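# Commentary on secondary and tertiary structure
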Amino acid sequence: MRYIPITEQDRRQMLEAIGSGSVEDLFADVPETLRFRRALRIPAALSEAELTKHLRVLSDRNADADRWSIFLGAGCYDHFSPAIITHLIQRGEFLTAYTPYQPEISQGTLQALFEYQTLVCQLTGMEVSNASMYEGASATAEGILMAHRITGRSEVVVARTVHPEYRQVARTYAAQLGLTFREIGFTDAGTTDLEAVKQGLTPQAACLVVQYPNFFGGVEDLAPLAEAAHAVGALFVVCVAEPIALGLLKPPGECGADIVTGEGQGLGTGMNYGGPALGLFATRERFVRHMPGRLVGETVDRQGRTGYVLTLATREQHIRREKATSNICTSESLIALMGTIYLVSMGPQGLRAVALQNLRKAAYAKERLGSLEGLGARFDGPTFNEFVLRTKKKPAAVLKRLLKREIVGGLDLGRFYPELKDCLLVCVTEQKSREQIDALATALGGVR
Amino acid sequence: MSGPERTVGTQGLVFEEPLIFEQGSPGRVGFSLPPCDVPQKKAETLIPPHLLRGEIPGLPEVSEGEVVRHYTRISQWNFGIDLGFYPLGSCTMKYNPRVNEDVARLPGFAKAHPYLPDELAQGALQLLWELEQYLAEVSGLDRVSLHPSAGAHGELTGVMMIRAYHQSKGDPRRKILIPESAHGTNPASSALCGYQVVPIKSGPLGVVEPQVVAEAMDDEVAAIMLTNPNTLGLFEEHIAEIAEIVHRKGGQVYCDGANLNAIMGITRPGDWGVDVIHVNLHKTFSQPHGGGGPGAGPVAVRNHLAPFMPVPTVEKTQTGFALDSDRPQSIGRVRSFAASFGVMVRSYAYIRSLGPDGLKLAAETAVLNANYIMNRLKADYHLPYDRVCKHECVFSDAEQLKNDVKTLDIAKRLMDYGFHPPTIYFPLIVPGALMIEPTETESKETLDQFIAAMKAIAREAKEQPDLVRAAPHKPRISRLDETRAARQPVLRWKPKG
């Protein structure tokens, strides 16, 4: 086996040094009744060439976004990823390092994560970011648990325009601790109903959770929502599932957010059938000791040189065990590095430019598709790179017809919203050409 | 002559490199975009102006080459498996095969959207389904959820399933038994599910004794969480008897599978009476650790817990493979989408590359390597549990403390010899623990070099203790002031002035 360098001769010498007759002796502590005496039922080993061929065949059975026209978003976005990202993260020094417990020989990871924390603060307008969480949904659930710890309250008020899977994850987490949920509906603008929010927020509310832009692509006006949450002493949790939007939109930190959670996958990390992704988590300085996850801080060495370390670890499971702020250990450092390289490559100009292309292309598609017979925009509020289309025919039937032209036209919203079972969620990123949008319009025109 | 000069570790050209925010120049760019091919409406006409932001302050303006040089330079300040021996106990730092990186990036995998209709994702679903079968076979359990994102996430998921199981029987329980030697994530995951943690002591031989469990066991105990092999690197030889005791009182047996690398193909948790186990794909199954993730923590369960698995699961149908979210008793979701799919591809490729014989050989060799190190070093370092070990061995600094040289000093001095230190001060039940896990992918020559370095440090601790206490001497920077970092937290760069 090419990954195992110990030869038969090595083995003999080593066993001799150990004073054992055989490798079998090294398992003498496993009771005979518990020994597994047959071969594992796993296919025989493949050579590298056979493996590559086999996986090529499997991967070709998927519809990739290069060959197909795919208008899916809904929490996972097809953005262009500069080639340098893949090259840099495959440097063995980054790829094959563990969590930086020994700072003297982990300064590469630590400095990169310090830069990542800074970039997330700049993007979200918040004061502190951790060094990453798993992904958007569990990060949002942890944000809710943090609000519960800070306020001591157990009621969670969450907009129905938050990603349905994020709400499901939040419920799974919160149910363990007996937190209750109240969901707030949306208006015909496709954004959270502010009046309903005000009615739903009681003095028992730990937090108000909204998504920005929301699951329908709608751009929420955060400031009045923040005001409503703060009026009852609740924290305002803003979840960002599409970080590219923050190239244009006012950052949540400037709109009264106390905790910003979300998904960093859009920052050039690729779709990968949903993961690995990148959980964003940022907050205000005054809440830092309540935060989950790793934090990298700046300090000095014995000669006074600047360096970085994992810090404020007394919040964490390896020190505090059952009293920790979270159980999280391994998170998404390498994906955070991808996001870091993406953001510094784009810079202020690039980030704005790519956000603007998303906005314009989606606006073009919304106008173009919405004016087709049998179709129309479901909501009239402002949207970023996604929008909801109402269809006269059943969305499932519409989507099925499009598949023949190698187009995945969007997401059937009936899957998550019974009241929107005549609707499609369509996403258009900078990766879609006008030609592809026009082809979608033509195809949709044909399935009226 | 002794000392690192004669063994390994060289100092090449090391660059100083400021933060990226301190570089670049206004107007410089590192990106390219195709021209916009749709009407170029002003943002203000599409979004109300009060919802728009100005330019993002502080974001650097650098060219592509500068970005590459910056991250290449700082990468050189890192130690990784690719550079040298990384015997970090409990972390299974084995070689990460490069072909796995290539296959994970095949467009059909990397550019597949998670909401593709199942018929357009058959390759991905087949891979997930097959990986589930392999992990079920290795663990000896019935079903495997590939959903959780890391080991601790898998623990949380497993404990949630246990809680849902007890609740479904109208028997909500309050407590979870956890040995004091357990990873901190075990109690933390239990607490997240509202359980009270009851610590269990290990016996004089370093394993949990049935008697202790029997005494702690009552009908309020939901489960016991055992790591096997445990964090001392020892096989919990009474596991079957313990499982029986716990089951008799209606409890469940959770196994932390962090150390599965020691036992693949040799003994199976399912055959010990374990009901739930999580597996760390970033340890046993070669997913690169990436400086702290991504990992994945699939959870294997017995059939009676399968109804509570998180959604979605992957099922084989008459026409192919499908995601299934229709599980009425499911605990729900613990993340968005199906799984950290890219991690699954790498671990799938790893398992297919080794096959059944290779997996067993990996476990045997990992155990051989650990026992070799343990036996070669036990004259120089205190070995609290002198018996055959599994994938790792745990020493302490008891001998070196006589010269006021601590575990931390030994760890730092190892860097001068070109090695990553072992895990230190864990497990907590061994004061000054040095936990060494070599894995199967190291050669005998590397192990011998490491042993020589450890012996040299033991000598230095007697003859030149100051040298060891001041280590490391070779890395670019010396020991960092962690107290200052925590007392005056600086957690982000800010523009000067």
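Residues numbered from 1 in each chain as written. Chains lettered and ligands numbered in written order. Predicted model: local features only at pLDDT ≥ 70, side-chain atom pairs only at ≥ 80, totals over all residues.

Here we take up the overall build of chain A. Along chain A, the regular secondary structure elements total 13 helices and 15 strands. Taken over 448 residues, chain A has a buried fraction of 62%. The long-range share in chain A, meaning contacts at least 24 apart out of those at least 6 apart in sequence, stands at 72%. (Helix = DSSP H or I, 4+ residues; strand = E, 2+ residues; numbered from the N terminus. Buried ≥ 20, exposed ≤ 12 C-beta atoms within 10 Å, placed from the backbone. Contact = placed C-beta atoms within 7 Å.)

Moving on, we get to the overall build of chain B. Scanning chain B for helices and strands turns up 15 helices and 12 strands. Here the C-alpha atoms of chain B give a radius of gyration of 25 Å, agreeing with the 23 Å that 2.2 N^0.38 yields for 497 residues. Each of the three principal axes of chain B carries a C-alpha extent, and together these read 75 × 65 × 45 Å. (Rg over C-alpha atoms; globule rule 2.2 N^0.38 Å.)

Our focus in this paragraph is the sheet that holds strand E2 (residues 175–179) of chain B. All names here are of chain B. Spatial strand order, E1-E7-E6-E5-E4-E2-E3: seven strands in an open sheet with mixed pairing. Where the open sheet ends on each side, the last strands, each with one partner, are strand E1 (143–145) and strand E3 (196–200). Neighbour-to-neighbour, the strand axes of this sheet turn through a mean angle of 25 degrees, independent of strand direction. Relative to strand E4 (residues 221–227), E2 runs parallel, the two sharing three bridges. From the neighbouring strand, Ile-176 faces E4, where its bridge partner is Ala-223. (Pairing = 2+ DSSP bridges. Axes fitted to C-alpha atoms, helices over the stretch in contact; angles between N-to-C directions.)

This next bit is on the interface of chain A and chain B. Taken residue by residue, the interface counts 160 residues in chain A and 171 residues in chain B. Per-element tally for the side of chain A that touches chain B: the top contributor is helix H11 (residues 333–370) of chain A, with 22 residues. A per-class count over the side of chain A that touches chain B returns 83 nonpolar, 45 polar and 32 charged. (Nonpolar A, V, L, I, M, F, W, Y, C, P; charged D, E, K, R; others polar.)

All names here are of chain B. Looking at the secondary structure, you find Gly-158 in helix H6 (residues 151–168). Spatially, the C-alpha atoms of Gly-158 and Pro-172 are 16 Å apart, while their sequence positions differ by 14 residues. The contacts of Gly-158, once residues within four sequence positions are left out, are Tyr-254, Val-276, His-278 and Val-299.

Sheets are built from strands paired through backbone hydrogen bonds, the pairs being either parallel or antiparallel. Residue and element names in this part refer to chain A. Across the sheet, seven strands lie side by side as E2-E8-E7-E6-E5-E3-E4; this open sheet has mixed pairing. In the strand order of this sheet, the two ends are held by strand E2 (128–129) and strand E4 (180–184), each with one partner. The pairing of E2 with strand E8 (residues 279–283) spans two bridges and is antiparallel. Across the sheet, Val-128 pairs through a bridge with Thr-283, a residue of E8. Each of strand E3 (155–159), strand E5 (205–211), strand E6 (235–240), strand E7 (259–263) and E8 touches helix H6 (residues 136–151); the most contacted strand, E7, lies at about 165 degrees to it.

Another aspect to go through is the pairing of strand E5 (residues 252–257) of chain B. Residues and elements named next belong to chain B. Burial analysis of E5 places six of its six residues in the buried class, the great majority of the element. The pairing of E4 with E5 spans five bridges and is classified as parallel. Across the sheet, residue Met-225 finds its bridge partner in E5, namely Tyr-254. Crossover handedness for the path E4 to helix H9 (residues 239–248) to E5: right-handed. (Right-handed = clockwise from strand over helix to strand, strands pointing away.)

Before going further, it helps to spend a moment on H6(A). All names here are of chain A. For H6, built from 16 residues, the straight-helix expectation of 22 Å at 1.5 Å per residue is met to within 8% by its first-to-last C-alpha distance of 22 Å. Most of H6 is tucked away: 12 of the 16 residues are buried. When we look at burial in H6, the residues that qualify are Gly-136, Ala-137, Ser-138, Ala-139, Thr-140, Ala-141, Glu-142, Gly-143, Ile-144, Leu-145, Met-146 and Ala-147. In this structure, the buried residues of H6 make contact with E3, helix H7 (164–176), E5, E6, E7 and E8. Two residues or fewer past H6, Gly-152 is found with a positive phi of approximately 70 degrees. (Expected span 1.5 Å × (residues − 1).)

Residues and elements named next belong to chain A. What the domain assignment lists for chain A is domain 1 (69–81 + 347–446) and domain 2 (84–341). When each unit is reduced to the centre of its C-alpha atoms, the spacing between domain 1 and domain 2 is 27 Å. Those elements that place two or more of their residues in the side of domain 1 that touches domain 2 are H11 and strand E12 (386–391). No other element matches H11, which puts seven residues into the side of domain 1 that touches domain 2. Classifying every residue of the side of domain 1 that touches domain 2 by side-chain character gives 14 nonpolar, seven polar and four charged. (Domains from an automatic or database assignment.)

The subject of this paragraph is unusual backbone geometry. Excluding glycine, residues mostly have negative phi values, and the peptide bonds linking residues are mostly trans. The amide bond that connects Gly275(A) to the next residue, Pro276(A), takes the cis arrangement and shows omega of 5 degrees. One can find Pro276(A) in the loop between E7 and E8. Note the cis peptide between Phe426(B) and Pro427(B), where omega equals 0 degrees. Inspection of the secondary structure puts Pro427(B) in the loop between strand E11 (423–424) and strand E12 (433–436). We note that Asn272(A) has phi near 50 degrees; this positive angle belongs to a residue other than glycine. The residue Asn272(A) is located in the loop between E7 and E8 in this model. Positive phi, close to 55 degrees, is recorded for Tyr273(A), a residue that is not glycine. In this fold, Tyr273(A) is placed in the loop between E7 and E8. The class for Tyr273(A) is buried, based on 31 C-beta atoms found within 10 Å.

This paragraph deals with the nonpolar core. One finds Cys207(A), Leu208(A), Val209(A), Val237(A), Met161(B) and Met344(B) to be the most contacted residues of the largest nonpolar core, which totals 313 residues. Here the element with the most residues in this core is H11(A); it accounts for 21 residues. Taken domain by domain, the makeup of this core includes at least three residues from each of domain 1 (69–81 + 347–446) and domain 2 (84–341) of chain A. In this view, Val237(A) contacts Gly143(A), Ile144(A), Ala147(A), Cys207(A), Leu208(A), Val209(A), Asp258(A), Ile259(A) and Thr261(A); residues no more than four positions away in its chain are not counted. (Core = buried A, V, L, I, M, F, W, Y, C linked by C-beta atoms within 7 Å.)

All names here are of chain A. Running from N to C, H11 and helix H13 (residues 434–446) point in directions that differ by 20 degrees, and their axes come no closer than 10 Å. In terms of orientation, H11 lies roughly parallel with respect to H13. Every pair of crossing elements has a handedness; the one defined by H11 and H13 is right-handed. Between H11 and H13, the residues in contact are Lys-361, Tyr-364, Ala-365, Arg-368 and Leu-369 and Ile-437, Leu-440, Ala-441 and Leu-444, respectively. (Parallel < 35°, antiparallel > 145°, perpendicular 65-115°, else oblique. Left-handed = near helix turned anticlockwise from the far one by under 90°.)

For the rest of this paragraph, the subject is the packing of helix H5 (residues 107–124) of chain A against helix H2 (residues 64–75) of chain B. Between H5(A) and H2(B), the least distance of the axes is 7 Å, while the angle of their chain directions is 135 degrees. It follows from the interaxial angle that H5(A) and H2(B) lie oblique. Together, Gln107(A), Gly108(A), Gln111(A) and Ala112(A) of H5(A) and Tyr71(B), Ile74(B) and Ser75(B) of H2(B) make up the contact between the two elements. Of the residues that constitute the contact of H5(A) with H2(B), the class distribution is three nonpolar, four polar and no charged.

Tracing the backbone through its elements, the reader meets Arg479(B) in the loop between helix H14 (465–469) and helix H15 (482–487). Since 20 C-beta atoms lie within 10 Å of it, Arg479(B) is described here as buried. Remark: the alpha-carbon pair of Arg479(B) and Ser330(B), spanning 149 residues in sequence, is separated by 48 Å. If we ignore the near neighbours within four places in the chain, the residues touching Arg479(B) are Glu104(A), Asp301(A), Arg302(A) and Lys412(B).

As a further point, take the pairing of strand E6 (residues 276–279) of chain B. Residue and element names in this part refer to chain B. Burial along E6 is two-sided: Val-276 and His-278 and Ile-277 and Val-279, pointing in opposite directions, are all buried. Bridge count for E5 against E6 is four bridges, and the pairing is parallel. Each residue of the ladder has a partner; that of Cys-255, found in E6, is Ile-277. One ladder, built from three bridges, connects E6 with strand E7 (residues 299–301); its direction is antiparallel. Looking at the pairing, Val-276 lines up with Val-301 of E7.

Along the polypeptide, Met160(B) turns up in helix H6. On the neighbour-count criterion, Met160(B) (24 C-beta atoms within 10 Å) is buried. When the C-alpha atoms of Met160(B) and Gly332(B) are compared, they prove to be 9.7 Å apart, with 172 residues separating the residues in sequence. Residue contacts for Met160(B): discarding those within four places in its chain leaves Gln176(A), Cys193(B) and Ile331(B).

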